[in-house]
Amino acid sequence: QVQLVESGGGLVQAGGSLRLSCAASGRTFSTLAMGWFRQAPGREREFVAAITRSADTTSYADPVKGRFTISRDNAKNTVYLQMNGLKPGDTAVYYCAAAQSYLRMTRSGIDYWGQGTQVTVSS
């Protein structure tokens, strides 16, 4: 069983920055593709970013391209989401996710979910 625990959310003004962290249990972290999703009230959970096992490839949803950066530290069993230039539209609960492959980093392919951390961006 893999457990994912997010941290780093909070309240920030538009244009500000936050760094989210996701700590994973167990020794299987390096075998998993990791990603971030987000969900605002009344909306579906949507893909934000993903990273491969070796961190050689990343992908981003169009709304966050150029502003968000996903990274991982396999020695620490941790994945990060650096969020710069935050906008009110980024307000959502952000969820860490793990999948068996980079190509399965979709809602239907996720094997493990974190509990979520709230990000609120004020205007």
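For every chain, the first residue of the written sequence is number 1, and numbering continues from 1 onward in sequence order. For a predicted model such as this one, the threshold for reporting local features is a pLDDT of at least 70, and the threshold for listing and counting side-chain atom pairs is 80 or more; totals across whole chains, interfaces and linings nevertheless cover every residue. Only hydrogens and water are removed before side-chain values are computed, so all heavy atoms of the structure are retained for them.

Enquirer: An account of the packing of aromatic side chains is requested, with residue identities and associated values reported.
Expert: Here a pair means two rings of Phe, Tyr or Trp (six-membered ring of Trp) with centres within 6.5 Å. Their orientation is stacked below 30 degrees between planes, edge-to-face above 60, and tilted elsewhere. Applying the stated criterion across every chain yields a total of 3 aromatic pairs. Consider the rings of Phe37 and Trp113, whose centres lie 5.1 Å apart with planes at 70 degrees: the pair is edge-to-face. Residue Phe37 is located in strand β4 (residues 33-39), and its partner Trp113 is located in strand β10 (residues 112-113); the two are separated by 76 residues in the primary sequence. Within the aromatic cluster, the residues linked to one another by ring pairs are Phe37, Phe47, Tyr95 and Trp113. The lysine or arginine in question, Arg45, covers the ring of Tyr95, its NZ or CZ lying 3.7 Å from the ring centre. Ring-over charges, as used throughout, are those where CZ of Arg or NZ of Lys falls within 6 Å of the ring centre and within 35 degrees of the ring normal. Its end group placed over the ring of Phe29, Arg72 keeps NZ or CZ at 4.4 Å from the ring centre. Elements are defined by DSSP. Helices are runs of H or I of four residues or more, strands are runs of E of two residues or more, and each kind is numbered from the N terminus.

Enquirer: Residue-level account of the nonpolar core, with values.
Expert: In plain words, nonpolar cores are sets of buried Ala, Val, Leu, Ile, Met, Phe, Trp, Tyr and Cys residues tied together by side-chain atoms within 4.5 Å. The classification of residues rests on relative accessible area computed with a 1.4 Å probe and restricted to protein chains. Under 20% of the type maximum is buried, over 50% is exposed, and intermediate values are partly exposed. Residues Met34, Trp36, Val79, Leu81, Met83 and Tyr94 are the most contacted members of the largest nonpolar core, which totals 28 residues. Contributing elements (two or more residues each) for this core: β3 (18-24), β4, β5 (46-51), β7 (68-73), β8 (78-83), β9 (92-99) and β11 (117-122). Here Tyr94 is in contact with Glu6, Leu20, Trp36, Phe37, Arg38, Val48, Phe68, Leu81, Met83, Gly116, Thr117 and Val119, once residues within four sequence places are set aside. Two residues form a contact once any of their heavy atoms are found within 4.5 Å.

Enquirer: Lay out the sheet that holds β8 in plain terms, naming residues and giving numbers.
Expert: Pairing between strands is defined by DSSP: at least two bridges between them are needed. Spatial ordering of the open sheet is given by β1-β3-β8-β7, a layout of 4 strands whose pairing is antiparallel. The open sheet is flanked by β1 (4-7) and β7, the only strands paired with a single partner. Each strand of the sheet is rotated relative to its neighbour by a mean of 15 degrees, with strand direction disregarded. For β3 and β8, the ladder comprises 6 bridges, and the chain directions are antiparallel. Opposite Ala23, over in β8, you have Thr78 as the bridge partner. Angles run from 0 to 180 degrees between N-to-C directions of axes, and those axes are lines fitted to C-alpha atoms, restricted for helices to the stretch in contact.

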